[in-house]
Amino acid sequence: MGGCFAIVVAAGRGTRLGGDVPKQYREIGGRSLLARSAGAFVTHAEIDGVRVVIHDDDLDRYHRATRRVDLLPPVSGGRTRQESVLFGLRSLRDFQPDTVLIHDAARPFVSTATISAVVAGLDEFPGAIAAVPVVDTLKRERDGAIADTVDRSALWRAQTPQGFHYEAILRAHEAAAGQDLTDDAAVAECAGLAVTLIESVDDNFKVTTDDDLDRAARMISGSMEIRTGMGFDVHRFGPGDRIWLCGVEIPHDQGLVGHSDADAGLHALTDALLGAIGAGDIGAHFPPSDEKWANAPSSIFLQHAGELVRRRGGHILNLDLTLICEAPRIRPHADAMAARVGEILSLAADRISVKATTTERLGFTGRGEGLAAQAIATVALGG
Ligand code: MG
């Protein structure tokens with residue numbers, strides 16, 4: 001097959017940040033570090049496939065974090081980073097790659113240009129790694145005082161991605177198995193492979209501490225545009241024995257009248273999302289005059305709005321919905337509704353709120369003539 005493949009190493013426990021979520025699964029700007037770092041390779045034109053090496057305990061986390069990233073199935077890591085990379089390399093054998101790039105999941109800001117430059121470096125060398133020249137003056141300490149100043153002119157800080165000719169690095173890793181080398185260039189060096197340095201940038205830093213996570217969040221928010229949109233919808237009560245609200249069927253002594261399933265909750269949410277990206281309203285996308293939407297499940301409309309947000313390079317930060325009626329009682333169904341909306345949009349439940357209120361028997365909702373829904377959506381574009 002040939003081509004260039006990427007391995008993203010995400011098997012570490014990385015608990016230095018505190019909490020019990022390994023750092024590569026921590027989210028910044030609504031996406032995990034892993035989704036960002038792996039995504040950079042998935043969307044790169046010169047990369048033919050991306051494999052993530054994970055810890056067995058993280059399988060659920062992995063699937064949640066990467067559900068919108070087009071990856072090869074993950075493989076299990078080993079006891080050390082080095083062993084995890086070896087397992088990742090072995091897993092690519094069937095593809096017979098020409099070259100492979102190895103990248104840390106905790107470096108979410110790797111740029112297209114850096115990936116391209118590392119790939120290009122492999123035309124001339126069996127190895128090429130991203131690195132930055134040391135700019136600070138370096139001191140060697142002895143007994144609490146400076147012993148001497150180290151010449152920094154030939155010193156670099158190694159980053160990832162680190163690229164290699166596939167067969168050569170696989171052999172080097174097999175030969176170095178059992179050692180605990182901290183990067184793949186060191187494995188290549190042991191095998192006598194020439195590895196060139198590709199000048200990278202500080203932004204491609206590894207998220208290790210809480211300060212790093214703050215810096216990452218600042219970088220994301222700086223390049224992110226926050227949008228909000230609102231939606232409002234009303235449907236009239238009519239004959240029937242159930243209603244649909246937020247994709248949940250609720251038994252009632254009436255139904256809701258409408259062209260589709262009359263799910264005012266999903267309609268308001270759909271309009272809020274469309275509003276946030278300036279994409280018109282639900283009627284423009286799904287005209288009631290079009291027979292094909294008769295009795296359609298409204299999940300189709302919401303899903304479409306979510307897809308439009310994604311196509312704009314955005315993601316949903318949160319949705320807040322208020323349902324307004326005297327009956328039926330909404331509260332017992334609110335959690336199921338939020339869960340269903342989450343399912344439709346692949347969105348975590350804590351980003352969705354479903355609330356209910358009455359209008360104290362005033363107005364059309366108070367008289368039980370109809371049900372109203374209002375929603376606000378917050379969407380992040382870019383970042
Ligand atoms: Mg409607």
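This text follows the structure it describes.
Residues numbered from 1 in each chain as written. Predicted model: local features only at pLDDT ≥ 70, side-chain atom pairs only at ≥ 80, totals over all residues. Heavy atoms only, no water.

Caption draft 1: Highlighting the overall build of the chain. From N to C terminus, the chain includes twelve helices and 18 strands. Along the first, second and third principal axes, the C-alpha set of the chain runs to 85 × 55 × 35 Å. Burial analysis of the chain (383 residues in total) assigns 49% to the buried set. Carbon and sulfur atoms make up 49% of the accessible area of the chain, which totals about 18200 Å². Each charge class in the chain was averaged separately, 39 positive and 52 negative side chains, and the resulting centres sit 2 Å apart. (Helix = DSSP H or I, 4+ residues; strand = E, 2+ residues; numbered from the N terminus. Buried < 20%, exposed > 50% of the residue type's maximum accessible area, 1.4 Å probe, protein only. Areas by Shrake-Rupley, 256 points an atom, 1.4 Å probe, with all protein chains shown as cover. Lys, Arg positive; Asp, Glu negative; His and termini not counted. Charge placed at Lys NZ, Arg CZ, Asp CG, Glu CD.)

Caption draft 2: Highlighting the coordination of the magnesium ion. Coordination of the magnesium ion by the protein is provided by Asp-233 (OD), His-235 (NE2) and His-267 (ND1), with metal-donor distances spanning 2.2 Å. Read in sequence order, the donor residues coordinating the magnesium ion give the pattern D-x1-H-x31-H. Here Asp-233 is found in strand E12 (residues 224-238), whereas its partner His-267 is found in helix H8 (residues 264-276), with 34 residues between them in sequence. (Donors = N, O, S within 2.8 Å, 3.2 Å for Na, K, Ca; no water.)

Caption draft 3: Main features of the sheet that holds strand E1 (residues 4-10). Overall, mixed pairing links the seven strands, which are arranged E5-E4-E1-E6-E10-E7-E11 in an open sheet. Two strands bound the open sheet, and with one partner strand each, they are strand E5 (75-76) and strand E11 (195-199). Here two bridges tie strand E4 (residues 49-54) to E5, and the two strands are oriented parallel to one another. For Val-53, the partnering residue across the bridge sits in E5 and is Val-75. Each of E1, strand E6 (99-104), strand E7 (127-133), strand E10 (156-165) and E11 touches helix H4 (residues 112-121); the most contacted strand, E7, lies at about 135 degrees to it. In this fold helix H5 (residues 166-176) packs onto E6 and E10, with an angle of close to 115 degrees to the strand it touches most, E10. (Pairing = 2+ DSSP bridges. Contact = heavy atoms within 4.5 Å. Axes fitted to C-alpha atoms, helices over the stretch in contact; angles between N-to-C directions.)

Caption draft 4: Representation of the pairing of E4. Among the six residues in E4, six count as buried, and that is most of the element. Judged by which residues are buried, E4 turns out to be covered on both faces: Gly-49, Arg-51 and Val-53 on one side and Val-50, Val-52 and Ile-54 on the other are all buried. Relative to E4, E1 runs parallel, the two sharing six bridges. Within E4, the position partnered with Ala-6 by the bridge is Val-50. Remark: the E4/helix H2 (residues 59-65)/E5 crossover connection has right-handed handedness. (Right-handed = clockwise from strand over helix to strand, strands pointing away.)

Caption draft 5: Region of the structure containing the side chain of Asp-184. Structurally, Asp-184 can be placed in helix H6 (residues 184-190). Among the residues examined, Asp-184 registers a relative accessible area of 1% and is labelled buried.

Caption draft 6: Local environment of the packing of H8 against helix H10 (residues 299-311). At a minimum axis distance of 9 Å, the contact between H8 and H10 shows a crossing angle of 15 degrees. Classified by the interaxial angle, the pair formed by H8 and H10 is roughly parallel. Here H8 runs over H10; the crossing is left-handed. Across the interface between the two elements, Leu-266, His-267, Leu-269, Thr-270, Leu-273 and Leu-274 of H8 pack against Ser-299, Phe-301, Leu-302, Ala-305, Gly-306, Leu-308 and Val-309 of H10. Partitioning the contact of H8 with H10 into residue classes produces nine nonpolar, four polar and no charged. (Parallel < 35°, antiparallel > 145°, perpendicular 65-115°, else oblique. Left-handed = near helix turned anticlockwise from the far one by under 90°. Nonpolar A, V, L, I, M, F, W, Y, C, P; charged D, E, K, R; others polar.)

Caption draft 7: The environment of Ala-38, seen in detail. Along the chain, Ala-38 turns up in helix H1 (residues 33-42). The spatial distance from the C-alpha of Ala-38 to the C-alpha of Leu-347 is 19 Å, given a sequence separation of 309 residues. Excluding anything up to four places from it in sequence, Ala-38 contacts Val-8, Val-50, Val-52 and Leu-71.

Caption draft 8: Geometry of the environment of Lys-23. Tracing the sequence through the fold places Lys-23 in the loop between E1 and strand E2 (27-28). Judged by relative accessible area, which is 13%, Lys-23 ranks as buried. In this structure, the C-alpha to C-alpha distance between Lys-23 and Gly-127, residues 104 residues apart in sequence, is 28 Å. Of the polar contacts made by the side chain of Lys-23, one reaches the backbone oxygen of Val-207; its length is 3.4 Å. (Polar contact = N/O pair within 3.5 Å; in protein donor to acceptor, adjacent residues only side chain to side chain.)

Caption draft 9: Looking closely at the pattern of salt bridges. Counting across every chain of the model gives 21 salt bridges. Notably, a salt bridge pairs Arg-81 with Asp-104, separated by 3.0 Å at the nearest N-O pair. Of the two residues, Arg-81 is situated in helix H3 (residues 81-91) and Asp-104 in strand E6; the sequence distance between them amounts to 23 residues. Across the salt bridge formed by Glu-307 and Arg-311, the nearest N and O atoms sit 3.7 Å from each other. One end of the pair is Glu-307 and the other is Arg-311, both in helix H10 and four residues apart, which spans about a single turn. Assessed through its relative accessible area of 59%, Arg-311 is described here as exposed. The network of salt bridges with shared partners includes Arg-81, Asp-104, Arg-107, Asp-184 and Lys-206. (Salt bridge = Lys/Arg side-chain N within 4 Å of Asp/Glu carboxyl O.)

Caption draft 10: Representation of the sheet that holds strand E16 (residues 314-324) in the model. Strand order in the open sheet formed by five strands is E15-E12-E18-E16-E17, with mixed pairing between adjacent strands. The outermost strands of the open sheet, each flanked by one partner alone, are strand E15 (255-257) and strand E17 (352-357). On average, adjacent strands in this sheet sit at an angle of 30 degrees to one another, irrespective of strand direction. Note: E16 against strand E18 (residues 370-382), ten bridges, orientation antiparallel. Considered in E18, the bridge of Gly-314 is made with Leu-381. Seen against the sheet, helix H11 (residues 334-345) touches E16 and E17 and runs at an angle of roughly 145 degrees to E17.

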